[in-house]
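# Understanding the architecture of this molecule
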Amino acid sequence: MSPTAAGPYAPPAAVLCGLAGWVPSRVVTNEHLARRLDTDDAWIRTRTGIRRRHVVDPGQSTSDLAVEAGRRALAAAATERVDAVVVATTTPDHNCPATAPAVAARLGLTGTAAFDIGAVCTGFVYGLASAAGLIAAGVAERVLLIGADTYSTIVDPLDRANAIIFGDGAGAVVLRAGHPDEPGAVGHFDLGSDGAHEDLIMVAAGGSRQRSRPGEPSRQDRHFAMRGKEVYRHALTRMAESARATLSRAGWKIDDVDHFVPHQANLRILHSVADDLGLPRERCVTHVESVGNTGAASIPLALADAAARQALRPGDRLLLTAFGGGLTWGSCLLTWPTLPASAHLYEQPAHPQEQPTHLYDQWALLYDQGERTTS
Ligand code: UT7
């Protein structure tokens, strides 16, 4: 930051140079869910916009998805080396250690700095800020940032309120050191949190709080819980505030935004935030319809999907805004760069498996049996 003879020092910016998204092949449609749960396709589509979501197979984990997305992002950036691997996730492979070192090792990046970010659905935007910080501080010249989540491993398959919303997936970007004014430079961050509302989105058991109490956790405490209506209200307010704060920091007007890329929580929320900001809904990038809410993966997956559809042109101005458990929220701006053509921007299996004995059914059967045995 110190001034030099050549003028004020500008630290390097993080510039997007590779992007990829990956979802597992197993599909759970609204009709699948309606066979097990007291719900129906019309309710789910009207309240959330979601038609289907992808879920991992038994035995697959978050790092498996992260590795697939990470490998493709590195290939898209035409590089094999980075100086840091950052994984944003709420569903790490283990409570200890972090998932990023294992992902780095499987990508042939043993020895590279690697750590996780836990900011729930805001994790990818927090991750962008962290990667930008590593690059600005000269700690890293290239960072692989992956948002990956397998919510199907923490959502109770019999909980109709949450089982309909979430899906599994991973999205990854490679960021390199560059100039703050060049296309692809990520900047003008706004990040925030409000831990007074931590109970609105929570897995109560599994951490030190629960372990320091006597007794086995209940089934409810072992699973993901969300007070949907209240979360909805906070999401609308915080996303709109964060988006406005970011635009004002950059001196952008709302009309300067070509694409608003929000965390894909629920189509109604995305459209309401766009309406509140005065943005035409066509400028709101949505992907939630075909993959559900994929947590920390949702923004990079939405970007990869839009890029694969050639909906993003070099020079387009993007506003990214996220909101999630914590509560946490965050936004940043980005001018779309010219990315090399890649077959791996977004990989949705050509012939996804749609089997009636999908994971949710298997779990539901297990739980049914468990309940019968114990009663
Ligand atoms: O990613 C982090 C951020 N997450 C979010 O931002 C999610 C925010 N919340 C939401 O997206 C919405 O609140 C939900 C989609 C979770 C729920 O939609 P809602 O319009 O808020 O519904 P509700 O919870 O108020 O429920 C309305 C009714 C209830 O019945 P009663 O009490 O009115 O008789 C629910 O029991 O709908 C019932 N319901 C369902 N009905 C059919 C709840 N889930 C279902 C379901 N199918 N799956």
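Residues numbered from 1 in each chain as written. Predicted model: local features only at pLDDT ≥ 70, side-chain atom pairs only at ≥ 80, totals over all residues.

As annotated in an unreviewed UniProt entry, the protein chain is Beta-ketoacyl-[acyl-carrier-protein] synthase III from Streptomyces olivochromogenes. Listed under Subunit (unreviewed entry) in UniProt, the entry text for the protein chain is "Homodimer." Within the UniProt record for the protein chain, the comment given under Sequence similarities (unreviewed entry) is "Belongs to the thiolase-like superfamily. FabH family." (UniProt positions renumbered as here; feature names shortened; annotations may be inferred.)

### Section: the overall build of the protein chain
For the protein chain, the helix and strand inventory stands at 13 helices and 14 strands. In terms of overall dimensions, the protein chain is globule-like: its C-alpha atoms have a radius of gyration of 20 Å, near the 21 Å expected for 375 residues. Taken along its principal axes, the extent of the C-alpha atoms in the protein chain is 80 × 45 × 45 Å. In the protein chain, which comprises 375 residues, the share counted as buried stands at 49%. (Helix = DSSP H or I, 4+ residues; strand = E, 2+ residues; numbered from the N terminus. Rg over C-alpha atoms; globule rule 2.2 N^0.38 Å. Buried ≥ 20, exposed ≤ 12 C-beta atoms within 10 Å, placed from the backbone.)

### A look at the nonpolar core
Soluble globular proteins: nonpolar side chains tend toward being buried together. The biggest cluster of nonpolar side chains holds 112 residues, and the ones touching the most others in it are A73, V85, V143 and L175. Excluding anything up to four places from it in sequence, L175 contacts A14, V15, L16, A131, I135, R142, V143, L145 and V186. (Core = buried A, V, L, I, M, F, W, Y, C linked by C-beta atoms within 7 Å. Contact = placed C-beta atoms within 7 Å.)

### Here we look at the UniProt feature "domain: Beta-ketoacyl-[acyl-carrier-protein] synthase III N-terminal" (unreviewed entry) in the protein chain
Under the local residue numbering, the UniProt record ascribes the feature "domain: Beta-ketoacyl-[acyl-carrier-protein] synthase III N-terminal" (unreviewed entry) to residues 115-195. Each end of residues 115-195 is marked by a C-alpha atom, and these two atoms are 22 Å apart; helix forms 22% of the span and strand 40%.

### A word on the site of the ligand
Close to the ligand lie 20 residues, the nearest being T39, R160, G228, A265 and N266. Of all the secondary structure elements, the ones that give two or more residues to the shell around the ligand are α2 (41-48), α6 (160-163), α9 (228-250) and β12 (317-324). The greatest single-element share of the shell around the ligand, amounting to 5 residues, is contributed by α9. Of the residues that constitute the shell around the ligand, the class distribution is 11 nonpolar, 6 polar and 3 charged. (Near = placed C-beta within 6 Å. Nonpolar A, V, L, I, M, F, W, Y, C, P; charged D, E, K, R; others polar.)

### Digging into the environment of W22
Mapped onto the secondary structure, W22 falls in strand β1 (residues 13-22). Through-space distance from the C-alpha of W22 to that of E68 is 6.6 Å; in sequence the pair is 46 residues apart. Here W22 is in contact with L65, E68, A69, R72, G169, A170 and E347, once residues within four sequence places are set aside.

### A word on the pairing of strand β5 (residues 113-117)
Remember that side chains alternate between the two faces of the sheet whenever the strand is regular. Direction of pairing for strand β4 (residues 84-88) relative to β5: parallel, over a ladder of 5 bridges. By the bridge assignment, A88 is partnered in β5 with I117. (Pairing = 2+ DSSP bridges.)

### Re the UniProt feature "active site" (unreviewed entry) in the protein chain
Using the residue numbers shown here, the UniProt feature "active site" (unreviewed entry) corresponds to C121, H263 and N293. A maximum C-alpha distance of 8.9 Å is found for the annotated residues, which run over 173 residues; spatially they form one tight group. Within the secondary structure, C121 sits in the loop between β5 and α5 (123-136). Filtering out sequence-adjacent residues up to four positions away, C121 remains in contact with H263, A265, G295, A296, S298, A322, F323, G324 and G325. Here N293 lies in the loop between α11 (288-291) and α12 (298-308). Given 25 C-beta atoms within a 10 Å radius, N293 is considered buried. Apart from residues lying up to four places away in sequence, N293 is in contact with I165, F166, G167, Q264, A265, N266, V288 and S298.

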